[in-house]
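The residues making up each chain are set out below.
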Amino acid sequence: MDDLIANVFAGLADGDEELRDLHAVLQEILPEASLVLYGDNGAVVGAPAPRLAADLLDVVRSQALEAESFISMLLPDDGWLHALRLQDYQAVLLIQSGELGEDLARNSHLALLYDNSVRLALLRCQYQQSVIENEQLSRRMEVVSSKHTRLLDDNHRQFLLIREKEKEYAKKLESEIARQTKQLRDANTSLEEASRLKSDFLANMSHELRTPMNAIIGFSGLLAETELTGEQREFVETIGRASASLLVLINDILDLAKIEAGKLELDPRPFQLAGLLKGVEAMFRSQAARKGNRFSCRIDPAITGNFIGDENRIRQILVNLAGNAMKFTCKGDIGIRVEKVREDERSMDLRFAVSDTGIGIPVERQKAIFEKFTQADGSTTRKYGGTGLGLAITSQLVSLMNSEIELASIPGQGSTFGFVISLAKTTEEADSMPAALAAESAVLADSAPERTMAQPVQEEVSADRKSPPTDCRPWKCCGTTGMILC
Amino acid sequence: MPSAQDLVDKFTDIKTLPHVAIRVTQMAGSDTATMQDFEQVIKLDPVLVIRLLRLVNSPYFGLSSQVESIAKAVVFIGMKHLRNIVAVEGLRNFFTAKEKEAEFSRKNLWVHSATVAILAQMISRRIFGEDGEDVFLAGIIHDIGLIVEDQLVGESLRRVCTTYLAAGQQEIMTDIEDNIIGTNHAKVGRLLAASWHLPEEVVEAIRFHHRGDREYPLPSVIGILQLAEFMACKMNYGVVNDRCDPLPPYLNTHLKNRMAEYKVLLKALPAEMAKARELYDADQEK
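Given the structure is predicted, the values throughout are model-derived calculations rather than measurements. (Residues numbered from 1 in each chain as written. Chains lettered and ligands numbered in written order. Predicted model: local features only at pLDDT ≥ 70, side-chain atom pairs only at ≥ 80, totals over all residues. Heavy atoms only, no water.)

Novice: What is the right way to read the pattern of salt bridges from this model?
Specialist: Side chains bearing opposite charge may pair, as long as their charged atoms lie close to each other. Following the criterion strictly, the structure yields 34 salt bridges over all chains and no others. Note that Asp186(A) and Lys182(A) form a salt bridge whose closest N and O atoms lie 2.9 Å from each other. With Asp186(A) and Lys182(A) both in helix 4 (residues 108–225), this residue pair falls four residues apart, about one helical turn. The class for Asp186(A) is partly exposed, based on a relative accessible area of 39%. Residue Glu343(A) is joined to Lys340(A) by a salt bridge in which the shortest nitrogen-to-oxygen separation is 2.9 Å. What emerges from the salt-bridge pattern is a single network uniting Lys147(A), Arg150(A), Arg125(B), Asp131(B) and Glu133(B). (Salt bridge = Lys/Arg side-chain N within 4 Å of Asp/Glu carboxyl O. Helix = DSSP H or I, 4+ residues; strand = E, 2+ residues; numbered from the N terminus. Buried < 20%, exposed > 50% of the residue type's maximum accessible area, 1.4 Å probe, protein only.)

Novice: What am I meant to see in the pairing of strand 4 (residues 80–86) of chain A here?
Specialist: On a regular strand, each side chain points to the face opposite its neighbour's, so the side chains alternate between the two faces of the sheet. All names here are of chain A. Within strand 4, seven of the seven residues are buried, leaving the element largely enclosed by the surrounding structure. Of the two faces of strand 4, the one lined by Trp80, His82, Leu84 and Leu86 and the one lined by Leu81, Ala83 and Arg85 are each fully buried. Here strand 3 (residues 71–74) runs beside strand 4; their pairing, made up of four bridges, is antiparallel. Considered in strand 4, the bridge of Ile71 is made with Ala83. Two strands pair when backbone bridges link them, and strand 4 and strand 5 (residues 91–96) are joined in this way by six bridges, in the antiparallel orientation. For Ala83, the partnering residue across the bridge sits in strand 5 and is Leu94. (Pairing = 2+ DSSP bridges.)

Novice: Could you clarify how one ought to interpret unusual backbone geometry in this entry?
Specialist: What you tend to see is this: most non-glycine residues have negative phi, and most peptide bonds are trans. Omega for the bond connecting Leu218(B) with Pro219(B) falls within 30 degrees of zero, at 0°, which places this linkage in the cis form. Inspection of the secondary structure assignment puts Pro219(B) in the loop between helix 12 (200–208) and helix 13 (221–234). One non-glycine residue with positive phi stands out, namely Lys331(A), at about 50°. Of note, Lys331(A) is situated in the loop between helix 7 (311–327) and strand 9 (333–343).

Novice: I would appreciate a short explanation of the interface of chain B and chain A in the present structure.
Specialist: Interface extent is often summarised as the accessible area lost during association of the parts. Across the contact, 42 residues belong to chain B and 29 residues belong to chain A. Contact between chain B and chain A buries roughly 3,200 Å² in total, counting both sides, with carbon and sulfur atoms accounting for 61%. Our count for the chain B to chain A interface comes out at seven salt bridges. A salt bridge links Arg150(A) to Glu133(B); the nearest nitrogen and oxygen atoms lie 3.6 Å apart. (Contact = heavy atoms within 4.5 Å. Buried area = accessible area lost by both parts, 1.4 Å probe.)

Novice: How should I be thinking about the sheet that holds strand 4 of chain A in this particular structure?
Specialist: Note: strands within a sheet are paired through backbone hydrogen bonds, in either parallel or antiparallel orientation. Residues and elements named next belong to chain A. Strand order in this open sheet of five strands is 2-1-5-4-3, and the pairing throughout is antiparallel. Both outer strands of the open sheet, strand 2 (44–45) and strand 3, are each paired with one neighbouring strand and no more. Helix-sheet contacts for helix 2 (residues 17–29) involve strand 1 (34–39), strand 2, strand 4 and strand 5, and the interaxial angle to strand 1 is about 160°. (Axes fitted to C-alpha atoms, helices over the stretch in contact; angles between N-to-C directions.)

Novice: I keep staring at the environment of Ile147(B) and nothing clicks. Help me out?
Specialist: Residues and elements named next belong to chain B. Tracing the backbone through its elements, the reader meets Ile147 in helix 9 (residues 144–166). For Ile147, a relative accessible area of 0% translates into the label buried. Once you skip the residues sitting within four places of it in the chain, Ile147 turns out to touch Phe11, Phe94, Phe95, Arg106 and Leu109.

Novice: I would appreciate a short explanation of the environment of Val420(A) in the present structure.
Specialist: All names here are of chain A. In this structure, Val420 sits in strand 12 (residues 414–426). With 68 residues separating them along the chain, Val420 and Phe352 place their C-alpha atoms 6.2 Å apart. Once you skip the residues sitting within four places of it in the chain, Val420 turns out to touch Val341, Asp349, Leu350, Arg351, Ser403 and Glu406.

Novice: What's the story with the packing of helix 9 of chain B against helix 10 (residues 173–180) of chain B in this structure? I'm lost.
Specialist: All names here are of chain B. Relative orientation of the contacting elements helix 9 and helix 10 amounts to 105°, with a least axis distance of 9 Å. Our classification of the angle between helix 9 and helix 10 gives roughly perpendicular. Between helix 9 and helix 10, the residues in contact are Leu146, Glu149, Ser156, Arg159, Val160, Thr163 and Tyr164 and Met173, Ile176, Glu177 and Ile180, respectively. Classifying every residue of the contact of helix 9 with helix 10 by side-chain character gives six nonpolar, two polar and three charged. (Parallel < 35°, antiparallel > 145°, perpendicular 65-115°, else oblique. Nonpolar A, V, L, I, M, F, W, Y, C, P; charged D, E, K, R; others polar.)

Novice: Quick question: what am I supposed to make of the side chain of Asp131(B) here?
Specialist: By the secondary structure assignment, Asp131(B) is in the loop between helix 7 (106–128) and helix 8 (133–141). Among the polar contacts listed, one links the side chain of Asp131(B) to the side chain of Lys147(A), at a separation of 3.5 Å. Sequence-distant contacts of Asp131(B), that is, excluding residues within four places in its chain, are made with Val143(A), Lys147(A), Arg150(A), His81(B), Gln121(B), Ser124(B) and Arg125(B). (Polar contact = N/O pair within 3.5 Å; in protein donor to acceptor, adjacent residues only side chain to side chain.)

Structural data, given as C-alpha cells:
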C-alpha cells in the first residue's frame with residue numbers, strides 16, 4: 001500500500017521527503033551528532049561519514065536490518081558508529097559522534113539518550129501527520145455539520161411544500177365535495193319534483209281511469225246477457241275477465257300513487273274485528289278450495305269489544321297479504337291470526353299475522369319485495385303472475401298506521417307477514433256497513449247511463465255466488481250500489 | 001467512422017439507464033421535489049427499493065438509526081446522495097463482465113469507476129471541506145463512454161488499448177481513440193450524461209476529463225475528478241493496466257503543495273473502499 005501511495009507522488013518532487021523531514025527533526029534534537037539516513041530505495045539523506053569505507057557501511061546496515069535496537073561498531077579510527085533500523089521509514093539511521101563515542105551496550109545512559117532522541121523525533125514527525133489528520137477530520141466534521149444544516153433546510157422546505165400541497169388538495173377536495181353535493185341535491189330535487197308530479201297526476205287520474213273501465217266491464221256483462229253464439233259468448237267473457245284484472249291493476253297503481261302523493265288519509269270509525277275477519281275469510285273461501293288450501297282465521301279470545309280504526313284499509317292489508325299467500329301456496333295452510341299484545345284502558349295493541357306454507361322468500365330478497373314492481377325473483381312473475389305492487393301498497397298502508405310489516409320466511413317452508421297496530425277501544429256500535437267503503441270504492445253513481453248498466457251487473461254477480469272473482473265483489477252500501485275493489 | 005452521436009443512438013437502442021434513475025436524477029436537481037415524490041417514483045421498482053435501503057444502511061453512510069423507507073432515506077442522506085446510489089444501481093448492470101476480457105475488462109472498469117468516485121468524494125471532503133455529491137456522480141459515470149465503445153466497436157477499443165499501452169507516457173487515450181474509432185469515450189459519455197439530465201458540471205467533467213489544456217480552479221468537479229483519476233491509476237486501479245495520463249500542470253502544483261495532506265488521505269482509502277464495498281461489489285449479493 002505504501003508503495004502504491006509512493007507511486008502517486010513518484011513523479012512529484014523526490015520520494016524522500018519523509019526521510020528529509022525526519023533528518024531535520026533529529027538534527028534539531030542532536031545538533032552535535034552527524035546523522036545519515038539510508039533509505040531502502042537507495043536514498044541518502046545527510047552527509048555520509050567521509051571516512052567510512054563503503055563495505056563497512058554495508059556490514060553495519062545489514063546488521064542493523066536484523067537488530068531491534070541500536071547496534072554499535074568501533075571504527076578503525078577509534079570512533080564509534082551507531083546504527084538503528086527504522087521500520088516505518090524503510091531506512092537505517094547512522095549516528096556518529098566524536099564526543100559521545102562509546103559502546104552503547106556498555107553505556108546504558110548514552111543508549112537511553114539516543115533511544116529517547118529518536119523516539120522524540122519519530123513522535124514529532126507523527127505529530128505533524130496527526131495535525132494533518134486532525135485538519136482533515138475537522139473538515140469532514142464541517143462537511144457533516146453543513147450537510148446537517150442543509151438537510152434540515154431541505155427537509156423544512158419539503159415540509160412546507162408538502163403542507164402547501166396538502167392544503168391545496170384539501171381545498172380542492174372541499175370544493176369538489178361541495179360541487180358534487182350541490183349536483184346531487186339538484187338532481188334529488190328534480191327527481192322528487194318529477195315523482196311528485198307523476199303521483200299527483202296519477203292520483204288525479206283516478207276517476208278518469210276508473211270510469212271507462214267500469215263502462216267496459218259493465219257493458220261486456222250486459223252484452224253477455226244478450227243472445228249470443230257460443231263463440232261470441234266466449235269472446236265477451238274474455239273481455240270481462242281481462243278488463244276485471246286490468247281494473248285491479250289500475251286500482252293498485254292509483255292507490256300507490258295516492259299514498260305517495262300523500263293524498264291518502266285514514267278514516268277511523270268504530271268497527272267490529274270479528275266481522276272484518278269473517279268478511280275476509282268469506283272472500284277467500286272458494287279460491288282456497290280451488291287450490292286445495294286450508295284457510296283459517298283465528299282471533300285471540302282475549303280480544304273483545306269494538307275498535308276505532310280504518311276498517312277498509314285494514315281489510316285491504318289483510319286481503320293483500322292473504323291474496324299473496326294464496327298465490328304462492330298450493331295444497332297447504334293459510335291462516336290469519338290476531339293476538340293481543342298490550343292493552344290499557346283506552347286502546348289495545350293487536351298483532352295481525354298472515355302465514356302460509358308456500359314457496360317462501362330467500363333472505364336476500366326479503367327486503368326487496370316491499371319495493372314497487374318487485375317480486376322475490378324475476379321468474380316468480382312469470383310463474384305466479386301479479387304486478388308486484390300489492391306488498392308495496394300494503395307496507396305503505398301499514399306505515400300509515402304507524403307500524404311496520406315484519407317478515408319471517410324460510411324458502412320452501414312458507415312465510416309469515418305480521419304487523420302490530422294500536423287501535424282505540426270503543427263501546428260504540430260498529431256501523432253495519434261502513435260508510436267509508438262507499439266513499440272510497442269506485443262508485444258507479446255519477447252518471448245516469450253508467451248507473452243503468454251497473455245495476456244489472458251487480459245483480460247478476462250477486463245472483464251467481466258460486467264463484468265470485470276474488471278481488472271484485474259487489475256490495476250494497478247505504479243504498480248506493482257500487483263495486484269495491486280490493 | 002461513427003460519430004459520438006451515432007454510437008450513443010445505437011447504444012440507447014440496446015441499453016438504457018432505468019427510467020426510475022433518470023427521474024430521480026431530475027428530481028434531485030429540482031427545488032419543488034419532495035421526499036414523497038422520490039418515494040413514489042422509486043417504489044415503481046421494488047427491487048431497487050430493497051437495494052437502496054440496504055445501501056443506505058451500509059457502513060458507508062454510517063447512520064446511527066435504521067432507515068426503512070425511501071422518504072426517510074431522503075431525510076437522512078439527502079436527495080443528491082440518494083440520486084448517486086440510484087445511479088450506481090442503474091449503472092451496475094452496464095458493467096457486467098463479458099467472457100473474454102484481456103486488454104479491456106468491464107469488471108476492472110467498474111472497480112476503477114467506484115475507486116475514482118470514492119477518492120473524488122474523499123478529496124472533496126478532506127481537502128476542500130465540501131460534500132462532493134456531484135463529484136461522486138461524475139466519478140462513477142465518467143468512463144461510461146468506454147462501455148458504449150466496448151458494446152458497439154469492441155474490436156477497435158481493444159486495438160486502442162494495445163496502442164495506448166505501447167505508446168509513450170505523454171500520449172493521451174482519447175487521442176488514440178479519435179484516430180482508431182473516430183470518436184472517444186469522453187465525447188460519447190458526455191452525450192449520454194446529457195441525455196440523462198445529469199447536472200451541467202458533471203456533464204462537462206465527463207467531457208473534459210482527459211484534457212489538460214485548461215484550468216478549472218479547484219474545487220471544480222473536473223479538477224477533483226482528474227486528481228482522483230490520476231491517483232486511482234497510479235494505485236493500480238486504472239482502466240488499461242496502470243497506464244495513466246499526466247496531470248495538468250495546475251493540478252500537479254496543487255498536489256505537490258499539499259502532498260502531506262494527500263498522503264494522509266490516501267492512507268485512509270482502503271478503509272473507505274471497504275466501507276463502500278456494498279456499493280460497488282456486485283458479488284456482494286451472494
